[in-house]
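Chain by chain, the residues run as shown.
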Amino acid sequence: MTATAVKEIEGETEAYRTLLGLAHKRTGAIPEDLLVRHVLEVTQAADWPVQRAALAALLRRLEFAYRDELRVSSRPSAGHPFGIYRTRRPRSPERPYETLLENLDPLRGSCDCADFLRGSLGLCKHLLVVLEGLARQPRRFEKALCTPAMKGGGGRPRLVWDPVRPLVGLGDWLAAVQIDRGNGVREGRRSSLAAARRWFRAGEEGFLVLKDGCVEHPERRLRLVEDLLPLVRRGGGRRGATALEPQPALRALLVSERERLAMIVANRESARHLRTALGTLERKLYPYQVAGVERMLESSRLLLADDMGLGKTAQAIAVCHALWTTGRVRRGLVIVPASPKVQWLREWQLFSGAPVDAVDGSPEERARAYRSQRAGFLIVNYEQVLRDLEIMHDWKPGIVVLDEAQRIKNWATKTAAYVKKLRPPFRMVLTGTPMENRLEELASILDWVDDRALEPKWRLAPWHTVQADGRKGMVGARHLDTLRQRLAPCMLRRVRSEVLRELPSRTDTTVPVELTEAQAEAHEELRLPIAKLLAITRRRPLTQKEFLRLMSLLTTQRIIANGLAQLRFPEIWPEISSIRQPGEALLRSLDSPKLFELREILSQLVVEQERKVVVFSQWRRMLKLADWAVSDLLAQNGLRAAFFTGQEKQRRRTHNLVDFHDDPSVRVLFATDAGGVGLNLQRAASCCVNLELPWNPAVLEQRIGRIYRLGQELPIDVYNLVSHDCIEARIASLISDKRALFTGLFDGSSDEIRFDHSGSFLETVARIIEPVETPDLPEGEEGATEAAEAAERGIDEILEASDESQDVPAASAGERVEMAPAPGFEAVLPAAAQIGHLFSQLRIRPSANGGVSIQAPPEAAAGLAALFEGVAQILKGASPRPEPPRRRSVGERPSPPPLG
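Per-chain numbering applies: the sequence of each chain, read as written, is numbered from 1 onward. With pLDDT at 70 or above as the cut-off, local features in this predicted model cover only qualifying residues; side-chain atom pairs require 80 or more to be listed or tallied, and sums for whole chains, interfaces and linings still use all residues. Calculated side-chain values reflect all of the structure's heavy atoms, with hydrogen atoms and water omitted.

A. Inspection of the overall build of the chain at higher detail. Assigned secondary structure in the chain consists of 36 helices and 25 strands. Whether a residue is buried, partly exposed or exposed follows from its accessible area with a 1.4 Å probe, protein chains only, as a fraction of its type maximum: under 20%, in between, or over 50%, in that order. Per-residue burial for the chain yields a buried fraction of 51% across its 900 residues. Contacts were defined at the residue level, with two residues in contact if any of their heavy atoms lie within 4.5 Å. Sequence separation of at least 24 residues holds for 72% of the intrachain contacts in the chain that already meet a minimum separation of 6. Taken as a whole, the chain presents about 42700 Å² of accessible surface, with 51% of it coming from carbon and sulfur. Numbering of helices and strands starts at the N terminus; helices are DSSP runs of H or I of at least 4 residues and strands are runs of E of at least 2. In this description, accessible areas are obtained by the Shrake-Rupley approach with a 1.4 Å probe, and a residue is regarded as covered only by the protein chains that are shown.

What follows is the structure, given as structure tokens:
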């Protein structure tokens, strides 16, 4: 639509009048109608929400110009209004941007600043400052309004670019490049224009339009760009008076595009070597993973948004490995949340031999890490980017990988701003949730990968979302084909259904969870008492009471790792149980971040992927909290959950199992370790979520074995929620390193547990509590040995008391209280796991007179004596008329203590 056409209808349109009202007294010296008519022109194919958003975007830029106190610092020569301008702030050097004003009616200009290149407004704050400066000189401004637009240098042909991106379609910026033929002067055969002419065809009104942008052919597109670049070089005519310089924006775009395409072409040429490098990985990738790696290696920038559990970490490591092996990069940076740094390091060492290290410690130690790793890779967390950005710049990484990139979803945060200041040639972004709430979040992440993919940002919400009367927020989305087209070149996402045949039979994923401040404080308070108990073992064995005290402290730390809502369940549950739609503020107030993680996981697995999931916890209280936290999510989708714990009667358990198998609406089964054995769920579920890792890795395998067994036809996924910087994370580290607390299994004939690469149980506990130094107590070699032996004998008691595998129905209708056994419990009955071992040591032989002979080793005899004595005490306690205590005869030996 021409400016004349806009003028003919502007008085008849409500949009024009309404925009004038919105712009009233907000445009400074610039005439309001000038900006409004420009808005209508650049949004002529759009509807009212986009028109309103365009005006708001222009007014914001004008406010930024006022805030920055921008002023014109240089103008075109000879007092001509059109030509190259420059701007600057007070007492600051001249800004590096060239700002070209071409015409006032209609408004035409160009600037090589990033906002003009991507804003699709045809204006930026620098051009607005130029307009403001002209408008403050009324005579000069009126003269400029009457001055016709200048053609190319001396009437010669000129390359021009329309900065307004189309509303639909791919929106390739190069497709908007045209040749203004000027006065139609014919070009010589050897001129720059002649070389570029072959890419164009005749258009309307004397313009030549591009035949093909060669989007899918990087080599051809590079030749096209190189043919166009000579046409935008400076010095095509005298500045300002009779000719216009080439558009600064177009020159900047062509230079940037040439660099991007040159890298892609170079990557393609080295593709064979890169594929060979993948063959040197320590572990083989699946075909879909290889495709993802090759896509990244070719494009050099990629947002990898694969579905949860498809191995984004492995693909990123493979990319780094290939670039390192072929010499394409010497240094690389992997930026991750703090909690999975160790996991990344471990995964790296499983896949690649390229040098890698994690950066931690004081500022001096971190700086030393960069100095010492002059070639190789470093793993850092996002918080360190805020502190060490200058060091990272000086280190000059050739590739930067961002894990859990939703950390930069908000462009206004410091983290996002600092991360985006890193400008390596290779950039890889990993996230399974590239958009959580708003399209602007996805655009912010993509800023760092492809800063034009979803531009302009101001147009995303009004053009792609649907609003409704009487409803707050968006109620739908539109023009999704355009979004998909624009995401396709820079984002790769595969979901499970696409690669099902290539998946392994089992995929384990650790989901790191950050502790809240309150959790961390409560956890820390228990570390010193634990360390003191460990210190006692240096001089003597722990007593049974001390063992149970140690168990209680360790178990409490594990409960804290699950969340303070579980720790304070009796006081919290009555207040929240009646709230059926827990809001974000309420969930956060509970200091139980695992509930948030579970909501995200079940949203993807249960709602989006329509799969059935078993959620395990050692504690029913945690399951009740989890059920409460996700009940609204399930209900909104017509779904529900069932329970399988010791709290349910057998009939109810059977009912729930039938529903879980046969009812499509029952998608989640919450189970304690009462469901960890003897339960077959392989025909119902293909996912398992562990809200915490049990002490014993065998228990973990029993849980997973409910769905990972003969008859399972689908690959399964296991998700383990592990809290960071606490006992849970250290247990997970030991398990994953094959140095778990318990690596042996009870074999039915012994309660002995064997340890891998370790001594006693307490030595393993000491490694878990290693950040706290135990008090220095007298230590002797003999005492330490006795303590170790006592520790080994006490393992079963600790397992029994800290594990809810024996979760039995409560005697009353109320919730069973989860607490350590009362003092004296250990003197009544040994652990249940010991009983089988005691009886297994008995040797029963028939005697000649028809009787039997029972033989037992001394320790078994003592343990069984204690067992029967404990049973006798229980029976006596249940008697309505207890017998008076029997007096011991002179010389009679007391009963031995329970085996321990």
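B. Molecular detail of the packing of helix 3 (residues 32-42) against helix 4 (residues 48-67). Axis separation between helix 3 and helix 4 bottoms out at 9 Å; the angle between their running directions is 130°. If you check the angle between helix 3 and helix 4, you find them oblique. Note that helix 3 runs across helix 4; the crossing there is right-handed. Touching L35, H38, V39 and L40 of helix 3 are Q51, A54, L55 and L58, all from helix 4. Side-chain classes follow a simple rule in which Ala, Val, Leu, Ile, Met, Phe, Trp, Tyr, Cys and Pro form the nonpolar group, Asp, Glu, Lys and Arg form the charged group, and the remainder, Gly included, forms the polar group. Partitioned by chemical class, the residues of the contact of helix 3 with helix 4 number six nonpolar, two polar and no charged. Only the contacting stretch of a helix is used when fitting its axis, a line to C-alpha atoms as for every element, and angles between N-to-C directions run 0 to 180 degrees. For classification purposes, angles smaller than 35 degrees are called roughly parallel, those larger than 145 roughly antiparallel, those between 65 and 115 roughly perpendicular, and all remaining angles oblique. Handedness of a crossing follows from how the near helix is turned relative to the far one, being left-handed for an anticlockwise turn of less than a right angle and right-handed for a clockwise one.

C. Unusual backbone geometry, seen in detail. Of the consecutive residues D105 and P106, the connecting peptide bond is found in the cis state with omega at 5°. Positive phi, normally seen in glycine, also occurs at K396, with a value near 55°. Mapped onto the elements, K396 comes out in the loop between helix 16 (382-395) and strand 13 (399-402).

D. The state of the cysteines, seen in detail. Disulfide assignment relies on a single distance test, namely cysteine sulfur atoms paired within 2.5 Å. Summed over the entire model, instances satisfying the criterion amount to zero disulfides. As a non-bridged cysteine, C113 has C124 as the owner of its nearest cysteine sulfur, 3.7 Å distant. By relative accessible area, which is 3% here, C113 ends up buried.

E. Looking closely at the sheet that holds strand 3 (residues 99-104). Sheet architecture is open: four strands sit in the order 1-2-3-4, paired in antiparallel fashion. Each edge of the open sheet carries a strand with a single partner, namely strand 1 (71-74) and strand 4 (107-111). Strand after strand, the sheet turns through a mean of 40° between neighbouring axes, direction not considered. The criterion for strand pairing is that DSSP finds at least two bridges linking the strands in question. Pairing between strand 2 (residues 83-88) and strand 3: three bridges, direction antiparallel. Looking across to strand 3, one finds that G83 is bridged to L101.

F. Quick peek at the sheet that holds strand 14 (residues 426-430). Taken together, seven strands build an open sheet; the order of strands is 11-12-10-13-14-9-17 and the sheet is parallel. In this open sheet, the two strands that pair with only one neighbour each are strand 11 (356-358) and strand 17 (491-492). Direction of pairing for strand 13 relative to strand 14: parallel, over a ladder of four bridges. Counted as the bridge partner of I399 is F426 from strand 14. Sheet strands touched by helix 12 (residues 287-299): strand 9 (301-304), strand 13, strand 14 and strand 17. Its angle to strand 9, the strand with the most contacts, is close to 150°. Across the face of the sheet, helix 16 comes into contact with strand 10 (331-336), strand 12 (376-381) and strand 13 while running at roughly 150° to strand 12.

G. Layout of the pairing of strand 22 (residues 687-690). Of the two faces of strand 22, the one holding C687 and V689 and the one holding C688 and N690 are both buried throughout. One ladder, built from four bridges, connects strand 19 (residues 613-616) with strand 22; its direction is parallel. Counted as the bridge partner of V613 is C687 from strand 22. In this sheet, strand 23 (residues 716-723) lies alongside strand 22 in parallel orientation, the contact comprising four bridges. The partner of C687 across the bridge, within strand 23, is D717.

H. Just the pattern of salt bridges, in detail. The salt bridge criterion pairs a side-chain nitrogen of Lys or Arg with a carboxyl oxygen of Asp or Glu, the two atoms within 4 Å. Under the definition given, this model contains 41 salt bridges. Two residues, R640 and D659, come together in a salt bridge whose shortest N-O distance is 3.2 Å. Here D659 lies in helix 29 (residues 650-662) and R640 lies in strand 20 (residues 640-644), a separation of 19 residues in the sequence. Taken together, the salt bridges that share partners define one network made up of R118, K420, D447, D451, E455 and K457.

I. Representation of the packing of helix 13 (residues 312-325) against helix 14 (residues 341-351) in the model. Where helix 13 meets helix 14, the closest approach of the two axes is 10 Å, and the angle between their N-to-C directions is 60°. Of the possible angle classes, the one that applies to helix 13 and helix 14 is oblique. In this structure, the crossing between helix 13 and helix 14 has a hand that is right-handed. For the pair helix 13 and helix 14, contact is made by T313, A314, A316, I317 and C320 and by W344, E347, W348 and F351, respectively.

J. Looking closely at the packing of aromatic side chains. Aromatic pairs are defined between Phe, Tyr and Trp rings, using the six-membered ring for Trp, whenever the two ring centres lie within 6.5 Å; interplanar angles under 30 degrees are classed as stacked, those over 60 as edge-to-face, and all others as tilted. The full count for this structure, using the stated rule, is five aromatic pairs. Seen in terms of ring centroids, W348 and F377 are 4.9 Å apart; in terms of plane orientation they differ by 50°. Their pairing is tilted. One end of the pair, W348, is in helix 14; the other, F377, is in strand 12, and 29 residues separate them in sequence. Note on accessibility: W348 and F377 belong to one class, buried. When the ring of Y370 is compared with that of W395, the centres are 5.7 Å apart and the planes differ by 80°; the resulting orientation is edge-to-face. With a gap of 25 residues between them, Y370 in helix 15 (residues 363-372) and W395 in helix 16 connect regions that are remote in the sequence. What makes Y370 buried here is its relative accessible area of 2%. The class for W395 is buried, based on a relative accessible area of 1%. Every member of this aromatic cluster is reached through a ring pair, and the members are W324, W348 and F377.

K. Geometry of the nonpolar core. Here the nonpolar core consists of buried residues drawn from Ala, Val, Leu, Ile, Met, Phe, Trp, Tyr and Cys, with membership extended through side-chain atoms lying within 4.5 Å. L101, L159, L174, V177, F200, L228 and L254 are the most contacted members of the largest nonpolar core, which totals 71 residues. Examining the composition of this core, we find that nine residues originate from one element, helix 4, more than from any other. Core analysis: the second largest hydrophobic core is formed by 38 residues, M308, I601, V615 and W628 among them.

L. Local environment of helix 22 (residues 527-536). With seven of its 10 residues buried, helix 22 lies for the most part within the structure. Where helix 22 is concerned, the buried positions are R527, I530, A531, L533, L534, A535 and I536.

M. Focus on the environment of E441. Residue placement: E441 occurs in helix 18 (residues 439-447). Judged by its relative accessible area of 4%, E441 falls in the buried class. In the structure, E441 is positioned 32 residues away from K409 in sequence and 4.4 Å away in space, judged by C-alpha atoms.

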